[in-house]
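Coordinate inspection notes
Chain residues, written in single-letter form:
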Amino acid sequence: MRRGIRAAAVLAAAALALAGCGSDDEESPAASPSNGASKPPAAVELKIGMAYDVGGRGDQSFNDAAAAGLDKAKAELGAESQEVEAVTGEAESAREERLTQLAEGGYNPVIAVGFVYATSLAKVAPQFPDTHFAIIDSTDATGDNIANLVFAEEEGSFLVGAAAALKSKSGNVGFVGGVNTPLINKFEAGFKAGAEAAKPGIKVQSQYLTQPPDFSGFGDPAKGKTAAQGMFDAGADIVYQAAGGSGGGVFEAAKAAGGKAIGVDSDQALTADASVRDVILTSMLKKVDVAVYDFLQTVAQDQFKAGTVSFDLEQGGVDYSTTGGQVDDIKAQLDDYKQQIIDGSITVPTTVS
Amino acid sequence: MSAAVQAPGGGAPRNAGGGTRPAARSGSDRRTRLVRLAVLLALGFVVVSLVRVITGAQEISSSGTLGTALGLAAPIALAGLGGLWSERAGVTNIGLEGMMIAGSFGAGWWGYQHGPWFGVLMGIAFGAIGGLIHAVATVTFGVDHIISGVAINILGLGATQYLAARLLTGTEGGGSTQSPQVDELPTLSMPWVGDQLLDLERHHWFLVSDLAAVVRAVTTGVSILTVLAVVLIVVSGIVLWRTAFGLRLRSCGEDPWAAESLGVHVYRYKYAAVVMSGACAGFGGAFLAVVAASQYREGQTGGRGFIGLAAMIFGNWRPGGLAGGSLLFGYTDGLRLRQGEESIHALLLVLGIGLLALGVWMLARRRFPQGGASLVVAALVLLWFALTDTVPGDFTGMTPYVATLLVLALASQRLRPPAADGVVYRKGQGR
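Residues numbered from 1 in each chain as written. Chains lettered and ligands numbered in written order. Predicted model: local features only at pLDDT ≥ 70, side-chain atom pairs only at ≥ 80, totals over all residues.

**Topic: the overall build of chain B**
A count of helical and extended segments in chain B gives 17 helices and two strands. A compact globule built from 431 residues would reach a C-alpha radius of gyration of about 22 Å, and chain B, at 23 Å, matches this within 12%. Out of the 431 residues belonging to chain B, those deemed buried represent 54%. Contacts in chain B between residues at least 24 apart in sequence constitute 78% of all its contacts with a sequence separation of at least 6. (Helix = DSSP H or I, 4+ residues; strand = E, 2+ residues; numbered from the N terminus. Rg over C-alpha atoms; globule rule 2.2 N^0.38 Å. Buried ≥ 20, exposed ≤ 12 C-beta atoms within 10 Å, placed from the backbone. Contact = placed C-beta atoms within 7 Å.)

Here it is in structure tokens:
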């Protein structure tokens, strides 16, 4: 029996060690801090802490966009950075710990990438009043030292909704959301409003893959494929996905059904697998890189402002993509809608009625 | 080898309701049970068809839904099959999820480089490695099965996250959490019948269209891996119940000490069973990566290993039962993702009618409390159906779990796990 216990201990230790290895990819630039002397002097020498959402650098989507903003800022402003990322299914305390470590390590500003950090940031930020924090996609955590970088996803979604309606031959389009959260509801609301505006009476099917607190809907392509298949079977010919990692399944379903799909966050006609790129009609662009870069620039110029900073159509925070040329024929109409939204003559809803 | 052996001590975690049973089941008894099952299935089919006609919720028996159900059920059934092999040899395996994760990573990592078939093979191999670790811990070292299983789950997740970050970062189309795309495997379709059946299905006739949908679902666009999964379940059933090897393997799960006294090399059988278990779970993971998603993605198993284990318990540690449990789960999961709010609403009517029938049957057999409870619940469900048009999305997501739980609750009185399941067996030490 003693042998058994020893084996169990070894096994458990190995498991913990490997689980630990999986959580952070130790290739942090902080291990070899860039020497400020070789860089052009900036107004404020930045030491940037980045806490990514699950996936981190290399997810070809949300986190990569944030990383691109960071890279641009580092190249132009001269800064050093420490990057850490979240793990699937981790506890709230792990996120708190991550933010605390960055702040204690002297990193300022600290950027929390993703709404998952809202609760932990609200706890951590008051303990470091001299550190500037920013959180992307959430207005839940507020404070004197927190900037909330949010996007008008509904405005971008309105444009791709209009594009779907104008391009649909069956008068039936679909929306697949990853998890039924207020953030993803904004995508759905904008998409529905845009489709309705371009073709009144159009049928818009809608399906969420999971309900919170089950966030697996952002990482389960099988579910995305199933839901989209159901929509194509029910007569839809274009499906818009705001489902993170499950979106690949939607593209697969579109390809199998001979339909089209609309990408999200980044220009997916460039980033998705080559075999499905031609089914991607357009993508709703959410320029997280612009938001991160702009934020870092304001901090570098010592002009940090707490509170909500909104990136909408007018500032180019959201947009639609034209890669592949599939929406070139309706570009004039889409740009017309864009202008109307910027003017304020169209107000896009943020919740589904 | 009597099946009525009591599990020694309190070591068997899931022995409730098990233990005693008529020693042998005569052939005619078995035939009546099969006939009863067939009648029940046919009745259920008629009810579903009827409900479809009444409510107009065509999705509840469309070939699309049924085909999806098959595809969603396959990985769950494979995980369940893994559980079956292991637990029939007396080793509780809650590490299936970890082995599945390992399988999905193996399939994604190798699949994008050397083609999907090689990926599937490597998925199976990775799962088998997980099984081997479980076997070493539980059989050779006598570690508690639950502890080892939990460790495998943590290890499976941690090791794949680590390996993915090391091996997939920077690949074209991949990243630290996903692999590049894996090429597709062929699907099988019977020539010319697909369109005819679809035509028949689109008429929405009572029973005829439903039948056409069922036939179309199993003859059109079925992945070759789904077919392999079905074959594997059948072959497992034959090997475990119709061969000397299977009899010896199962004897290790019922009473390893008796098996030992008859000269069975218990450790060897347990090793074979648990490695096979891991291979099945790895195959399930490979199915997810290659067929369902065309890539490895972190977290894509989504607890299917545990659901497979539940499907196996639901199926009373038998291959036919676990296939039924997986299909039920796959069906309800597919249904809620396809026109979920309308379809699940129609499903309420099916549920109401089913509970009503159950209640009446129980009252007729003078089981008044159970019968009364069934009727009350049936009335509530039917009332819910009558007063609403759709079921809100918050509830449709729970459907697969509620349905499985419900059937499990109704059927659980008859479950009988292997008598020595989960018991730590030491060679030559007696009980």
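After presenting the structure, the write-up continues.
**Some thoughts on the domain arrangement of chain B**
A common way to express how large an interface is: the accessible area buried when the components associate. Residue and element names in this part refer to chain B. Under the domain assignment, chain B is made up of domain 1 (58-338) and domain 2 (339-417). Computed over C-alpha atoms, the centres of domain 1 and domain 2 are 28 Å apart. The partner domain 2 presents 18 residues to the 16 residues of domain 1 that form the contact. Put simply, the parts of the chain that give the side of domain 1 that touches domain 2 at least two residues each are helix 12 (304-314) and helix 13 (319-337). The greatest single-element share of the side of domain 1 that touches domain 2, amounting to seven residues, is contributed by helix 13. When the residues that make up the side of domain 1 that touches domain 2 are grouped by side-chain class, the tally is nine nonpolar, two polar and five charged. (Domains from an automatic or database assignment. Nonpolar A, V, L, I, M, F, W, Y, C, P; charged D, E, K, R; others polar.)

**Thoughts on the domain arrangement of chain A**
Residue and element names in this part refer to chain A. With domains assigned, chain A is organised as domain 1 (29-151 + 289-311) and domain 2 (153-286 + 322-343). Distance from the C-alpha centre of domain 1 to the C-alpha centre of domain 2: 29 Å. Listed as interface residues are seven residues of domain 1 and, on the opposing side, seven residues of domain 2. Counted by class, the side of domain 1 that touches domain 2 contains four nonpolar, two polar and one charged residues.

**Quick word on the sheet that holds strand 3 (residues 110-112) of chain A**
Residue and element names in this part refer to chain A. The strand order 2-1-3-4-5-11 describes an open sheet built from six strands, whose pairing is parallel. Of all the strands in the sheet, the pair left with one neighbour each is strand 2 (79-85) and strand 11 (307-311). In this sheet, neighbouring strand axes are inclined to one another by 20° on average, regardless of whether the strands run parallel or antiparallel. The pairing of strand 5 (residues 146-151) with strand 11 spans five bridges and is classified as parallel. Within strand 11, the position partnered with Leu-149 by the bridge is Val-309. Helix-sheet contacts for helix 10 (residues 288-300) involve strand 1 (46-52), strand 3, strand 4 (133-136), strand 5 and strand 11, and the interaxial angle to strand 1 is about 150°. (Pairing = 2+ DSSP bridges. Axes fitted to C-alpha atoms, helices over the stretch in contact; angles between N-to-C directions.)

**Side note on the interface of chain B and chain A**
With 44 residues of chain B in contact, the opposing surface of chain A contributes 44 residues. Within the residue set of the side of chain B that touches chain A, elements represented by two or more residues are helix 2 (63-88), helix 5 (145-167), helix 11 (266-292), helix 13 and helix 16 (393-396) of chain B. Sorting elements by how many residues they give to the side of chain B that touches chain A places helix 5 of chain B first, with eleven residues. Across the side of chain B that touches chain A, the residue classes break down as 17 nonpolar, 23 polar and four charged.

**Observations concerning the confidence of the model for chain B**
All names here are of chain B. Within chain B, residue pLDDT values average 87, and 93% of them lie at 70 or more. Across residues 1-23, confidence stays below pLDDT 50; counting only partners more than four residues off in sequence or on other chains, it has 46 contacts. Reported confidences for the modelled complex are a pTM of 0.82 and an ipTM of 0.80. (pLDDT = per-residue confidence, 0-100.)

**A closer look at the sheet that holds strand 6 (residues 172-179) of chain A**
Residues and elements named next belong to chain A. One open sheet accounts for six strands, arranged 7-6-8-9-10-12; its pairing is mixed. The open sheet has two free edges, formed respectively by strand 7 (203-210) and strand 12 (318-320), since each of these has just one partner strand. Here the average twist between neighbouring strands, direction ignored, is 15°. In this structure, strand 6 lies alongside strand 7, joined through seven bridges in parallel fashion. Across the sheet, residue Phe-175 finds its bridge partner in strand 7, namely Ser-206. Relative to the sheet, helix 5 (residues 153-167) contacts strand 6, strand 8 (238-242), strand 9 (260-265), strand 10 (280-286) and strand 12, its axis offset from that of strand 10 by approximately 170°.

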